[in-house]
Structures are given as C-alpha cells and as structure tokens.
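# Architecture at a glance
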Amino acid sequence: MSSADRLPEPHPAGRPDVHLARVAPGLAHAERHAGVLSMAERARLARFAVAADRDRYLAAHVALRVLLGDRLGQRPEDVPIAHAACAGCGGPHGRPVVPGNPVHFSLSHAGEFFVIALSEHAAVGVDIERVPPRPLPGALHPQEEDELALLAPADRPAAFARAWTRKEAVLKALGTGLQSDPTTLLLGTAPTPRPHPVWHLTPIPTPSSYAATRADPRHPKRLGVLQESKEGA
C-alpha cells in the first residue's frame, strides 16, 4: 500500500500537517463509520446523484472528523463544525470551522484523491486538482499567462494546474473563495512557487496527473486583520 492509500499518523501538537489519501482504499472503513457525520453532512451525502461524488465526500469527511477528533481529544462525531461568516456577504455560510478555532482545517478532493490540511496557528488553505487537458483561458495572472506561453504545449496543462491550486489554496485560507479574483494573485506556474510577501506556498507531492498546494500565512496576525476587513466590507 502506498503512502497515498491511507492517512498518515497526525503530527505532534503544534505542527501543521497535510494528509493526502486515495478514496477507494478507505471507502469501506468510511462506510462503516458514516455515523460520525453530522445530520447535515449525512443529508448532503444522500443528495449526491453520482456515486463517485458521494464516495469522495464520504471518505474525505469521515477522515476529516477522525483527524479533528484525534487532534482535539474528542470522538469524531462530537467535533463541532460550523460555518464562519461569509467573507462576501456576512451570511452564516462561509468556510467550515471548529468554533473557537482550536484547530484550523481545509479540505479538497478531486478524482481519486482527497487532501486535508490542519494547523493550530492560523487559517490554512489546501487544494488538489486533476491536470486538465488544456489551460483555462483568462484564469491566471497576466505574467503567469506569459509564463505558460513560453512552455512547450505539452507542459502547459501541468503548469496551469500548479498555478490554479496555489490560487485556490490562498483563497480558501483567506476565506473568500472565488468571490475574489484569482487573476490578481501572482504565484507562478513553475514547479517552485513564486515568493509571496503574505503567503507561504507548499507543493504537495501527487501523481503527475494531479497538482496540489497548501497555503499558510507568513504573518497570521496580519491575516486576521485582513479577514476582518473583508468580512466587514
């Protein structure tokens, strides 16, 4: 079994961590423990019309509750998960949080994988995407578009996926999602992200047909001020 077939053991308290896993190997376990999901999560699970979408949601959210429970010393079903205020309108449908933020988390899934990031220090964002057949026009910063144009056509999809996961991870950590314009973020398309004054970006190793990134704020206190200003806008 490869390291991506199961969730690794959580890191010691105080250290941020990332957990990448395939959906299929843990699906039977997730089915047996679906009872740890909240009523709202089970209701959403029941609404999936496509089996693959249901399986990804089930495996990822059971794993999330297990990891949060382990970190907080609680049973997975007892971990309270609420929604922060929407950064756009202030409504109660923003990103999911544990009330009081004893631990921050972010979850993403695509294809046969899901990834979960945890941090006890500040908001964290994570994103995983399949490499697309071709880049999506107009989705990147103009300088990133120029970088793509310099690459061989066969290398452009993977470079686009790297850049896109960086943007998604940052916007998740910030709490705005795609309400913010991703083309304003210059994070680069190369295998190593461009240095950024606000965000520390960590590429997550994946198979070549996927890309994934974790985003952490370099200055968590400044991020809190920025989040409050957006929520109050």
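Anyway, here's the lowdown on the structure attached to this text. (Residues numbered from 1 in each chain as written. Predicted model: local features only at pLDDT ≥ 70, side-chain atom pairs only at ≥ 80, totals over all residues. Heavy atoms only, no water.)

This paragraph deals with the sheet that holds strand 7 (residues 199–203). Paired through backbone hydrogen bonds, the strands of a sheet run either parallel or antiparallel to each other. Spatially, three strands are ordered 6-8-7 in an open sheet, and the strand pairing comes out antiparallel. Edge positions in the open sheet fall to strand 6 (125–130) and strand 7, since each of these has one partner strand only. If you compare each strand with its neighbour and ignore which way they point, the axes differ by 20 degrees on average. Looking at chain direction, strand 6 and strand 8 (residues 210–217) are connected through six bridges and run antiparallel. Bridge assignment links Gly125 to a residue of strand 8, and that residue is Ala215. Sheet strands touched by helix 5 (residues 156–174): strand 6, strand 7 and strand 8. Its angle to strand 6, the strand with the most contacts, is close to 150 degrees. (Pairing = 2+ DSSP bridges. Helix = DSSP H or I, 4+ residues; strand = E, 2+ residues; numbered from the N terminus. Axes fitted to C-alpha atoms, helices over the stretch in contact; angles between N-to-C directions. Contact = heavy atoms within 4.5 Å.)

Turning our eyes to something else, we now look at the packing of aromatic side chains. Summed over the entire model, instances satisfying the criterion amount to three aromatic pairs. When the centroid spacing of 5.0 Å and the interplanar angle of 75 degrees are considered together, the rings of Phe113 and Tyr210 count as edge-to-face. Taken as a pair, Phe113 in strand 5 (residues 113–119) and Tyr210 in strand 8 lie far apart in primary sequence, 97 residues in all. The residues Phe113 and Tyr210 share a single accessibility class, namely buried. Judged by centre distance (6.3 Å) and plane angle (10 degrees), the ring pair of Phe160 and Trp164 falls under stacked. Of the two residues, Phe160 and Trp164 both sit in helix 5, four residues apart, roughly one turn of that helix. Among the residues examined, Trp164 registers a relative accessible area of 14% and is labelled buried. (Phe/Tyr/Trp six-rings, centres within 6.5 Å; stacked < 30°, edge-to-face > 60°. Buried < 20%, exposed > 50% of the residue type's maximum accessible area, 1.4 Å probe, protein only.)

Another point: the side chain of Arg65. Considering the arrangement of structural elements, one finds Arg65 in helix 3 (residues 51–72). For Arg65, the side chain forms a polar contact with the side chain of Glu41, separated by 2.8 Å. Filtering out sequence-adjacent residues up to four positions away, Arg65 remains in contact with Val36, Leu37, Ser38, Glu41, Pro76, Glu77, Val79 and Ile81. (Polar contact = N/O pair within 3.5 Å; in protein donor to acceptor, adjacent residues only side chain to side chain.)

Leu64, Leu68, Val98, Phe105, Phe114, Ile116 and Leu118 are the most contacted members of the largest nonpolar core, which totals 16 residues. Here the element with the most residues in this core is helix 3; it accounts for six residues. Here Leu64 is in contact with Ile81, Phe105, Leu107 and Ile116, once residues within four sequence places are set aside. Among the nonpolar cores identified, the runner-up in size contains eleven residues, and Phe113, Val124, Ile204 and Tyr210 belong to it. (Core = buried A, V, L, I, M, F, W, Y, C linked by side-chain atoms within 4.5 Å.)

The tally for this structure, following the rule as stated, stands at 13 salt bridges. Linking Glu31 and Arg54 is a salt bridge whose minimum nitrogen-to-oxygen distance equals 3.0 Å. Separated by 23 residues along the polypeptide, Glu31 in helix 1 (residues 27–32) and Arg54 in helix 3 bring together distant segments of the chain. By relative accessible area, which is 36% here, Glu31 ends up partly exposed. Of the charged contacts, one joins Arg54 and Asp55 as a salt bridge, the two residues approaching to 3.5 Å between their closest N and O atoms. Several salt bridges share partner residues, and in doing so they unite Asp17, Arg71 and Glu120 into one network. (Salt bridge = Lys/Arg side-chain N within 4 Å of Asp/Glu carboxyl O.)

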